[in-house]
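Breakdown of the fold
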Amino acid sequence: MKKNFKKNFLVLAALSSILTFSCREKKAEKAAGPLYSLTFAKGASGHALNPLFELGKRYFPEYDLQVNVVPLEREQIFESESIGKVDGAYNDLAFPLKYGGTGGNIIIYGGAMNGGMALLANPKVAGQNPDIKNPANWKGLTITVQPFSIGEIISKAALKKTYNLEPEIDVKYKIIQGQPEELAAVQKGNADIVIIGPDFVETGKNMGLTYLFPLVALEKDYVCCRQTANCDKFKSDREAYLRLLKAHIRAFKDYKTGNKLELVKEMSGTSGVDENWVYDYLYDTEKTQGRSHNPDPNFNGSLAVYETLGLNRPLTEFFNIDVYAQALTEIRKEFPKDSFYKEMWDFFISHNNRYPDFKYK
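Parameters and conventions
Note on numbering: residues in each chain are counted from 1, in written sequence order. For a predicted model such as this one, the threshold for reporting local features is a pLDDT of at least 70, and the threshold for listing and counting side-chain atom pairs is 80 or more; totals across whole chains, interfaces and linings nevertheless cover every residue. Processing note: side-chain calculations cover all non-hydrogen atoms of the structure and skip hydrogens and water entirely. Note on pairing: two strands pair once DSSP finds at least 2 bridges between them. Under the scheme used here, helices are H or I runs from DSSP no shorter than 4 residues and strands are E runs no shorter than 2 residues, and both carry numbers assigned from the N terminus. Inter-axis angles, ranging from 0 to 180 degrees, are taken between N-to-C directions of lines fitted to C-alpha atoms, where helices are fitted over the stretch in contact. Contact definition: two residues touch when any of their heavy atoms are within 4.5 Å. Only one rule defines a salt bridge in this text: a Lys or Arg side-chain nitrogen within 4 Å of an Asp or Glu carboxyl oxygen. Here the term buried applies to any residue with accessible area under 20% of the maximum for its type, exposed to any over 50%, and partly exposed to those in between, with areas from a 1.4 Å probe on protein chains only. Crossovers are described as right-handed under a simple rule: with the strands pointing away from the observer, the path leading from the first strand over the helix to the second runs clockwise.

Points about the sheet that holds strand β8 (residues 193-196)
- Strand order across the open sheet formed by five strands is β7-β6-β8-β5-β9, with mixed pairing between neighbours. The open sheet is flanked by β7 (172-175) and β9 (210-214), the only strands paired with a single partner. Averaged over all pairs of adjacent strands, the angle between strand axes in this sheet comes to 25 degrees, irrespective of strand direction.
- Across four bridges, the pairing between strand β6 (residues 142-145) and β7 is parallel. Residue Thr 142 lies in a different strand from β7, and its bridge partner there is Lys 172.
- Together, β6, β7 and β8 form the strand contacts of helix α6 (residues 150-163), whose direction differs from that of β7 by roughly 175 degrees.
- Along the sheet, helix α7 (residues 179-188) makes contact with β5 (118-121), β6 and β8, crossing β8 at roughly 160 degrees.

Printed below as a string of structure tokens:
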């Protein structure tokens, strides 16, 4: 009897040890966190909110993904990204085009925002020129923009093509670092017109500047901010970006079809931004400045901008559409009856088919 008791005790002890080790192992796995992790940079000045990232957070656990966002000054983002201090960023298209076009170690692979910028004028200049909302009357004026601003590229192209004005000859451009500094320059009369980001429009109005029109009035749905990545990280950890894009694709559907008030409340909670501001920024058509959000890379629109820069490096060397195509394809297979994702695929076809050897149908 004693022998059997001792034998049973040893078996139970062994099982207990195995179970304890197994539980510890599971706890250790859980403590290790998500399988995929990315660190994204965001412009420190301004508080622009992107619904793809905010609503995408609800899908990160499903895709075993963690995304950390760190604020950096605009001019620091792409240098940090190029050397691998951050894995990715979303920012004004002109900057990554210029940086990648001159050999920077980054790649563009997805969309973040289209449109959204606006033009405001010095009130005295506007008062002396009642037709200032017509760019044909801008001869002799000075426009301020940030370095490598998409606003500079879009406006220059429009002035030349539509209004027969020669940029830098008929209309001068002044580069000023920082959007608050741009607004101050126009307020003081050191420049006549400012092309400003959406989250500074109300600030400009409160400073007494005269609102002219959204930049989409010059170029409809122009491509603005894109998602970019450190090229080496993108190649070595492709799966992480694939999962991120899946989350963004599903977030895009939520943003376009969900209950606005519920979404605003959620995004306010995840971002720490006031609910009223979130609603105005994303859904108030008078304040969005023609802004829209879409994760599609939109190679065609990006190429149209890139061709104006006169750089020799082919855009395809630092632009990828395949990871997004795979992400959307897998989402469509997961939700085969959902017509929204079919419409996203049609958009992908029509906005990326200038990519060399385009293979998608």
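As for the pattern of salt bridges
- Here the structure, examined in full by the defined rule, presents 18 salt bridges.
- A salt bridge links Lys 57 to Glu 54, with the nearest nitrogen and oxygen atoms 3.0 Å apart.
- Looking at Lys 57, the relative accessible area reads 33%, which means it is partly exposed.
- Residue Glu 54 is classed as buried on the basis of its relative accessible area of 12%.
- Across the salt bridge formed by Arg 313 and Glu 317, the nearest N and O atoms sit 3.0 Å from each other.

Details of the sheet that holds strand β3 (residues 88-92)
- Strand order in the open sheet made by the five strands is β2-β1-β3-β10-β4, with mixed pairing throughout. Strand pairing shows two members of the sheet lacking a second neighbour, β2 (65-72) and β4 (106-111), which therefore form its edges. Shown here is a sheet whose adjacent strand axes are inclined to one another by a mean of 30 degrees, direction ignored.
- With eight bridges joining them, strand β1 (residues 36-43) and β2 adopt parallel strand pairing. Directly across from Leu 38, in β2, lies its bridge partner Val 67.

What about the pairing of β6?
- Side chains of β6 alternate between two faces, with Thr 142 and Thr 144 and Ile 143 and Val 145 buried alike.
- Considered for its hand, the β-α-β crossover made up of β6, α6 and β7 is right-handed.
- With two bridges connecting them, β6 and β8 associate as parallel partners. Paired with Ile 143 across the two strands is Ile 193, which belongs to β8.

In short, geometric facts, not functional conclusions.
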